Amino acid sequence: MAKPIRKKMLAISIILSPIGSLSEIWYLKDYWKPDTILSSSTAIEDFMFTFSLCGISFAIYKVAFGYKFAEERKHKRRLWLPIIFLAVVINGLTIFSSYLGYNSVVVSSILFVFISIYIWYMRTDLIFPSLVSGLLLLAVFIVIYKIMDFLYPNLITQWCLNCNPSGLFIYGINIEELAWDFTWGMVGGVIYEVVSGKELLLKNIGDVNNKSLDSFENFDNARNNFHETIDAVFFQSTKRILLIRAVRVLTYSLSKRIGRPLPDHYGIIIIAGIPFIVDAPLSVVDMHTSGIAMFWVIYYVTLSCLLFVFSTIAWKYFVHTWEQLSSIIESESEVEHIKLWMNRRLSLSMQIGLSLIAGTTSVYVLYLLSPLFAGHVNFGVASYIQVFINSFFGMAVVYWLWHVPLFVRELHKLDSINLLWYSPVDTDVIQRMTNLLAKSSVYALIGMVLTVFPPLYYIDKLASPGIVITTGLVFFFSGATVIFISIFPQYWIIEIVTNSKDRVLQKLSLVIPSDISPEKITDPLINQKILLYHQIKNSHISILDHKIIINYIISVLLAFFPYLLSIGRKIASYF
């Protein structure tokens, strides 16, 4: 989070924190009665909640989509707006809730809508940020409610006084609560911009402008961080990595529709929101995914977002490595060979085919195993959709990560690799490849742990051979991926370093007389060559430094983490 955003976020949270206690004057009468530490009407929890709520609602849109405040003020300041806001809310609640008896949360939600419309009238450029802020805050609260329901079942229901006068629920959450979250997000997300007169600007998305919307190729090239320094045809990530391609195509489509370029985060949100978009209408006919099943959907939505982040980071490491290859491969034909090899291996059509097989198989396996979860998890449409999405893109990520060590092996076969003659292991490309492998192992293990954790959670509860076998297979293939990415390529890199070192020593031996002893050498140049020969011969070939070792230690700890949790749960059950 940028420092200017962080400072403003903290200031707004501190200034607006007292509003929490003020609002409880009405909410405690007709909405809910939560337990507090001091069991008093004015609780520290109100300050904490309002502090967090105001800060999150202010920053969530800016941080999620990479916005910053313009340095120049382009709109007039409206310092009176907070006073109007408080006056409208307090008087509205007093009249409609205290005197007329309407539910206070419903009243405040309607008031937030009117305030939002007034803000939109003053600043039309804030309509879209306001709506998106509301949706993002709504998503955050849905996750919070599901986590609370998972940890403390029926707690919110116990706190309720009259928190669901309509009797309507979405995802098992009363619609009044969700309406309040959304409408407050619309106001809290943009009220600072109206008061300060500041305008939001996109940042750090490359050379992006409205002309980039003419075609997807222009849109893609404008934000390709590497297109000026390497082969644009081959290394545009959208032509080789399925997940990045899908995200960017969706982002381009949305940008084209609204007429302005957007960051890639929008594409991620569209993919992450597919299960909820499909599932929401089903709540009307009581066929939606709810309870613990929705919690696991949210869990795997987070995993799908991490898949994109990991793919992007690992791909950048890979591209940075390639940038230096031309400096160590002397033969132009071998450079072309590597390009053709990677073009053939990283085929989008192959990734799509394998991903479809993985997604379909996962959905079918979940369908077969669903009877075993009866009484524990009732899978709905959103569950199956999210399993398909994670398996589809997860397979695509695994497919290209497997080609990182294969790429190292292909380099190992080349004859014209020329590293630093005096210290091959310190060659920049070698260091970059080693770091790439270490990072990839950590990312792969994080994905493995997050994928295996849910079935591990239910192994002890269900004790079903089907669950055990499925979890074992997932762990086996995930573990094999991690080992293949982490260990095998290190051997090939050491071989590359050793071969380069042997070639240098061989060249030096040709210029050093073999029949002369060091004591009889009188030529200073020969003596220098001999000393250099022994120095290179005794140089180390280890490619592991402390940072790489730390990465591998993290990988090992991550590999055992879910099992440590399972063992801890068993130990806790005895007490």
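Since we're looking at a predicted model, the values are computed, not measured. (Residues numbered from 1 in each chain as written. Predicted model: local features only at pLDDT ≥ 70, side-chain atom pairs only at ≥ 80, totals over all residues. Heavy atoms only, no water.)

Caption draft 1: Broad picture of the overall build of the protein. Along the backbone of the protein there are 22 helices and four strands. Sorting the 575 residues of the protein into buried and exposed places 48% on the buried side. Intrachain contacts of the protein at a sequence separation of at least 6 include 81% that bridge at least 24 residues. Carbon and sulfur atoms form 67% of the exposed surface of the protein, whose accessible area is close to 29,200 Å². (Helix = DSSP H or I, 4+ residues; strand = E, 2+ residues; numbered from the N terminus. Buried < 20%, exposed > 50% of the residue type's maximum accessible area, 1.4 Å probe, protein only. Contact = heavy atoms within 4.5 Å. Areas by Shrake-Rupley, 256 points an atom, 1.4 Å probe, with all protein chains shown as cover.)

Caption draft 2: Spatial organisation of the environment of V404. Residue placement: V404 occurs in helix 17 (residues 381-412). Along the sequence, V404 and F484 sit 80 residues apart, while their C-alpha atoms lie 9.7 Å from each other. When near neighbours in sequence (up to four residues on either side) are disregarded, V404 contacts L436 and L437.

Caption draft 3: Here's a closer look at the packing of helix 16 (residues 348-369) against helix 17. Contact pair helix 16 / helix 17: the axes reach a minimum separation of 7 Å and the direction vectors enclose 145 degrees. Note that helix 16 runs across helix 17; the crossing there is right-handed. Looking at side-chain class alone, the contact of helix 16 with helix 17 contains 15 nonpolar, seven polar and no charged residues. (Axes fitted to C-alpha atoms, helices over the stretch in contact; angles between N-to-C directions. Left-handed = near helix turned anticlockwise from the far one by under 90°. Nonpolar A, V, L, I, M, F, W, Y, C, P; charged D, E, K, R; others polar.)

Caption draft 4: Region of interest: the packing of helix 3 (residues 44-65) against helix 6 (residues 127-151). Axis separation between helix 3 and helix 6 bottoms out at 9 Å; the angle between their running directions is 120 degrees. Viewed along their axes, helix 3 and helix 6 adopt a mutual orientation that is oblique. Crossing angle aside, the handedness with which helix 3 passes helix 6 is right-handed. On helix 6, the residues touching F49, L53, I56, S57, I60, Y61, A64 and F65 of helix 3 are F128, P129, V132, S133, L136, L137, V140 and F141. Looking at side-chain class alone, the contact of helix 3 with helix 6 contains 14 nonpolar, two polar and no charged residues. (Parallel < 35°, antiparallel > 145°, perpendicular 65-115°, else oblique.)

Caption draft 5: Looking closely at a nonpolar patch on the surface. On the surface, a cluster of nonpolar side chains totalling about 510 Å² of accessible area is made up of W80, I84, V88, Y118 and Y121. Every element with two or more residues in the nonpolar patch is listed here: helix 4 (81-99) and helix 5 (104-122). (Patch = residues over 30% accessible without salt bridge, like charges linked within 9 Å, V, L, I, M, F, W, Y side chains within 5 Å. Salt bridge = Lys/Arg side-chain N within 4 Å of Asp/Glu carboxyl O.)

Caption draft 6: Summary view of the nonpolar core. Ranked by internal contacts, the top residues of the largest apolar core, which has 57 residues, are I119, W184 and V187. The element contributing the most residues to this core is helix 5, with eight residues. Formed by 55 residues, the second largest nonpolar core is a distinct cluster that contains I338, M342, L411 and I493. (Core = buried A, V, L, I, M, F, W, Y, C linked by side-chain atoms within 4.5 Å.)

Caption draft 7: Looking closely at the confidence of the model for the protein. When pLDDT is averaged across the protein, the result is 77; 80% of the residues are at 70 or more. Across the protein, the element-wise mean pLDDT spans from 39 in helix 11 (residues 232-235) up to 91 in helix 5. Predicted confidence is poor over residues 204-208, with pLDDT under 50, and the contacts of this stretch with residues over four places away or in other chains come to nine contacts. Within the model, the stretch residues 226-235 combines pLDDT values under 50 with 23 contacts to residues more than four positions away or in other chains. (pLDDT = per-residue confidence, 0-100.)

Caption draft 8: Region of the structure containing the packing of aromatic side chains. Counted according to the given criterion, the structure contains 14 aromatic pairs. Measuring from ring centre to ring centre gives 5.0 Å for F392 and F393, while their planes differ by 90 degrees; the resulting arrangement is edge-to-face. Note on accessibility: F392 and F393 belong to one class, buried. Through successive ring pairs, a cluster of aromatic residues spans Y27, F85, F112, W180 and W184. Over the aromatic face of F58 sits the side chain of K62, whose NZ or CZ is 4.4 Å from the ring centroid. (Phe/Tyr/Trp six-rings, centres within 6.5 Å; stacked < 30°, edge-to-face > 60°. Lys NZ or Arg CZ within 6 Å of the ring centre and 35° of its normal.)

Caption draft 9: Main features of the side chain of D181. Along the chain, D181 falls in helix 8 (residues 175-188). Given a relative accessible area of 0%, D181 falls into the buried group. Once you skip the residues sitting within four places of it in the chain, D181 turns out to touch L137, L138, F141 and Y145.

Caption draft 10: Spotlight on helix 3. Taking 1.5 Å as the rise per residue, helix 3 with 22 residues should run 32 Å; its terminal C-alpha atoms sit 32 Å apart, in good agreement. The sharpest bend along helix 3 reaches about 45 degrees and sits at A59. Looking only at helix 3, the buried set comprises D46, T50, L53, C54, G55, S57, F58, A59, I60, Y61, K62 and F65. Following helix 3 by one or two positions, G66 has its phi on the positive side, about 70 degrees. (Expected span 1.5 Å × (residues − 1). Bend = angle between axes of the 7 residues up to and from the residue.)

Caption draft 11: Molecular detail of helix 4. Compared with the 27 Å implied by 1.5 Å per residue over 19 residues, the 26 Å span of helix 4 between its first and last C-alpha is a close match. Turning to helix 4, its buried residues number three or more, namely L81, F85, V89, G92, L93 and S97. Contact partners of the buried residues in helix 4: helix 2 (19-30), helix 5, helix 8 and helix 9 (191-196). Immediately downstream of helix 4, the backbone of G101 shows phi near 85 degrees, a positive value.

Caption draft 12: Representation of the side chain of K62 within the structure. Structurally, K62 can be placed in helix 3. Owing to a relative accessible area of 1%, K62 belongs among the buried residues under this scheme. A distance of 2.8 Å separates a polar side-chain atom of K62 from the backbone oxygen of G189. A polar side-chain atom of K62 sits 2.8 Å from a polar atom in the side chain of E193. Excluding residues that lie within four positions of it along the chain, K62 makes contacts with I5, Y67, F69, G189, E193 and L200. (Polar contact = N/O pair within 3.5 Å; in protein donor to acceptor, adjacent residues only side chain to side chain.)

Caption draft 13: Spatial organisation of the environment of R123. Along the polypeptide, R123 turns up in the loop between helix 5 and helix 6. You can call R123 buried: its relative accessible area is 1%. When the C-alpha atoms of R123 and E199 are compared, they prove to be 9.8 Å apart, with 76 residues separating the residues in sequence.

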